[in-house]
Amino acid sequence: MKILVIRRDNIGDLVCTLPLIRRLREQYPQAWIGALVTRYNAEVLQGSPDLDAVFSYTKAKHLAAGESALGAMWARLRQLWQLRQMKLDLVLLPASGSQASARRMARLVGAKRVIAQDDVTSDPAALHEVPRAANLLRALDLPVTDLPAARIVPRAGLLAVAQEKLGPGPVLGLHISARKPSQRWPAERFVELIRRQHATDPALRFPLFWAPGASDNPLHPGDDAKAQQIIAACAGLPLTPMPTHELSELIAGLAACSRVLCSDGGHMHLAAALGKPIVCLFGKSDAARWHPWGVPYQLLQPASREVGEVTVEEVEAALAALPDVLG
């Protein structure tokens, strides 16, 4: 059997689809299983033992300098034609909603059967995105309970570089970026936390992750200024700047951590898929749907839904409640 999973949305959404893909591999060990995702997210699937092939395409909003929309569209059509030649048995569309573009792709690849999330009776008890995505397994009479954890595989060379940069021992990864303003923890709180954690455990090291770039970049806003504020205030402390220009660098850096502190976002789901205990800060997000899956975590969400109101003391208590997993 030849199965293709199409997921076109964000990093976190794709990570939350990985337990579904693992379940498919468990149930169909001899099947050919592929995934079609955006180029922006494809690194999440690099080296996956559950997939035989990964296909990716570029959305217009993700075009790099010098790339044309017409060229990207032509490349996408060529790829869909290539998939059509494979004579696929089944295409799965695990995202919720109408999924008009994904359905159009499914028609173009000519699969014998297409199952979309909207084609399956929803389970009101499935609150998290992982069981929501896996719900379409019901149409195949496959189990949707006891779903496995997500898993991603860091690139070995990049992981070795990150581990060498950070050295042996406990590592608390700090990711300071968040797309939504309500999810952003202030720079001065990160500084205070680093100082206090260092005073408690001088062996603890702090890789600082952020989205590179200027905050006023309309396409990809970054946190260079916030990162530099933290770095300058933590001079002399074991803080390692780790701007991640590529998704592969972020995955490898998170894999080298023992624990991770971050706001809700794609990076949080990546850390979970790497098996890292997490303290996650939630603002105006649905914690029941998007909390870390399959790992120990402590979730802090103030009544105001503003992460800026979370105190350093609350984060320290949450960190103390986590187990360590050495990178």
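The structure displayed is predicted, hence computed values, not measured ones. (Residues numbered from 1 in each chain as written. Predicted model: local features only at pLDDT ≥ 70, side-chain atom pairs only at ≥ 80, totals over all residues. Heavy atoms only, no water.)

Participant: I tried to follow the pattern of salt bridges on my own but got confused; where do I start?
Facilitator: Counted by the stated rule, this structure contains 15 salt bridges. Salt bridges sharing common partners tie together Arg7, Asp9, Asp13, Glu129 and Arg289. (Salt bridge = Lys/Arg side-chain N within 4 Å of Asp/Glu carboxyl O.)

Participant: How do you make sense of the nonpolar core when you look at a structure like this?
Facilitator: Side chains of a nonpolar character, in soluble globular proteins, are inclined to be buried together. Core analysis: the biggest nonpolar cluster contains 59 residues, and Leu24, Val44, Leu92, Leu270 and Ile278 have the highest contact counts within it. With residues up to four places along the chain from it excluded, the contact list for Val44 reads Ile11, Leu14, Val15, Leu18, Ile152, Leu247, Ile251 and Leu270. Counting 28 residues, the second-largest nonpolar core is a separate cluster that includes Leu172, Leu261, Val307 and Val315. (Core = buried A, V, L, I, M, F, W, Y, C linked by side-chain atoms within 4.5 Å. Buried < 20%, exposed > 50% of the residue type's maximum accessible area, 1.4 Å probe, protein only. Contact = heavy atoms within 4.5 Å.)

Participant: What should I look at first to understand the sheet that holds strand E6 (residues 172-175) in this one?
Facilitator: Each strand in a sheet pairs with another by means of backbone hydrogen bonds, the pair being arranged parallel or else antiparallel. Across the sheet, which stays open at both edges, the six strands sit in the order E8-E7-E6-E9-E10-E11 with parallel pairing between neighbours. Edge positions in the sheet fall to strand E8 (239-243) and strand E11 (297-300), since each has one partner strand and no second. Taking each pair of neighbouring strands and ignoring which way they run, the sheet shows an average axis angle of 15 degrees. Across five bridges, the pairing between strand E7 (residues 206-210) and E8 is parallel. Counted as the bridge partner of Phe206 is Leu239 from E8. This element, helix H9 (residues 247-255), spans E6, E7, E8 and strand E9 (259-263) of the sheet and lies at about 155 degrees to E7. Sheet strands touched by helix H12 (residues 312-320): E6, E9, strand E10 (278-281) and E11. Its angle to E11, the strand with the most contacts, is close to 160 degrees. (Pairing = 2+ DSSP bridges. Helix = DSSP H or I, 4+ residues; strand = E, 2+ residues; numbered from the N terminus. Axes fitted to C-alpha atoms, helices over the stretch in contact; angles between N-to-C directions.)

Participant: Sorry if this is basic, but what is going on with empty space enclosed by the protein here?
Facilitator: Remark: the empty space left among the atoms is shown by a probe the size of a water molecule rolled over them. Per the counting criterion, the structure on display carries two cavities of 30 Å³ or more. A volume near 60 Å³ is recorded for the largest cavity. Lining the largest cavity are Val15, Cys16, Pro19, Val130, Ala150, His269, Ala272, Ala273 and Trp293. Broken down by element, the lining of the largest cavity gets its largest block of residues, three residues, from helix H10 (residues 266-273). By volume, the second largest cavity is sized at about 30 Å³. Taken together, the residues that form the lining of the second largest cavity break down as three nonpolar, one polar and three charged. (1 Å grid on protein atoms, 1.4 Å probe; cavity = no way out; pocket = protein on both sides within 12 Å on 5 of 7 lines; lining within 4 Å. Points joined across faces, edges and corners; volume = space filled by probe spheres on them. Nonpolar A, V, L, I, M, F, W, Y, C, P; charged D, E, K, R; others polar.)

Participant: Help me understand the sheet that holds strand E1 (residues 2-6) in this model?
Facilitator: A sheet is described by the order of its strands in space; here five strands give the open sequence E3-E2-E1-E4-E5, paired in parallel fashion. With one partner strand each, in any of the chains shown, strand E3 (53-57) and strand E5 (113-116) form the two edges of the open sheet. If you compare each strand with its neighbour and ignore which way they point, the axes differ by 20 degrees on average. Where helix H4 (residues 100-109) meets the sheet, it contacts E1, strand E2 (32-38), E3, strand E4 (90-93) and E5, and its direction lies at approximately 175 degrees from that of E4.

Participant: Honestly, helix H6 (residues 156-166) in this entry has me stumped. Any pointers?
Facilitator: One turn of an α-helix holds 3.6 residues; hence residues three or four places apart share an orientation. Within H6 the residues assigned to the buried category are Leu159, Ala162 and Leu166. All buried residues of H6 lie within an arc of 65 degrees about the axis, which places them on one face of the element. Pointing more than 90 degrees away from the buried face of H6 are the exposed residues Ala156 and Glu164. The secondary structure elements touched by the buried residues of H6 are E7, E8 and H9. Just beyond H6, the residue with positive phi is Gly167, at close to 80 degrees. (Arc of directions from axis to C-beta.)

Participant: I keep staring at the packing of H6 against H9 and nothing clicks. Help me out?
Facilitator: The geometry of a pair of packed helices is captured by two quantities: the angle between their axes and the separation between those axes. Contact geometry of H6 with H9 gives a least axis separation of 8 Å together with a crossing angle of 50 degrees. One way to sum up the angle between H6 and H9 is to call them oblique. Here the hand of the crossing between H6 and H9 comes out right-handed. Here Leu158, Leu159 and Ala162 of H6 lie close against H9, whose contacting residues are Ser248, Glu249, Ala252, Gly253 and Ala255. Its residues placed into classes, the contact of H6 with H9 shows five nonpolar, two polar and one charged. (Parallel < 35°, antiparallel > 145°, perpendicular 65-115°, else oblique. Left-handed = near helix turned anticlockwise from the far one by under 90°.)

Participant: Teacher, can you tell me more about the packing of aromatic side chains here?
Facilitator: Each aromatic ring pair is summarised here by two numbers: the centre-to-centre distance and the angle between the ring planes. Under the counting rule described, the total for this entry stands at two aromatic pairs. Residues Trp32 and Phe55 carry aromatic rings whose centres are separated by 6.4 Å and whose planes lie at 50 degrees to one another, so their mutual orientation is tilted. Within this pair, whereas Trp32 is found in strand E2, its partner Phe55 is found in strand E3, the two being separated by 23 residues in sequence. Take Trp32 and Phe55: they sit in the same class, and that class is buried. An angle of 80 degrees between the planes, with centres 5.0 Å apart, marks the rings of Trp185 and Phe190 as edge-to-face. Residue Trp185 shares its accessibility class with Phe190, and that shared class is buried. (Phe/Tyr/Trp six-rings, centres within 6.5 Å; stacked < 30°, edge-to-face > 60°.)

Participant: Explanation requested: helix H2 (residues 18-27) in the structure shown.
Facilitator: Among the ten residues in H2, eight count as buried, and that is most of the element. Listing the buried residues of H2 in full gives Leu18, Pro19, Leu20, Ile21, Arg22, Arg23, Leu24 and Arg25. Looking at the buried positions of H2, the neighbouring elements they touch are E1, helix H1 (11-15), E2, E4 and helix H5 (129-134).

Participant: Just checking my understanding: could you explain the state of the cysteines for this structure?
Facilitator: Here a disulfide denotes a covalent bond joining the sulfur atom of one cysteine to the sulfur atom of another. Under the criterion given, the structure shown has zero disulfides. Here Cys257 stays unpaired: no disulfide links it, and the sulfur of Cys262, its closest cysteine neighbor, is 10 Å away. The class for Cys257 is buried, based on a relative accessible area of 0%. Cys280 supplies the cysteine sulfur nearest to Cys262, a cysteine that is in no disulfide, at a spacing of 6.6 Å. Accessibility expressed as a relative area gives 2% for Cys262, which makes it buried. (Disulfide = S-S within 2.5 Å.)

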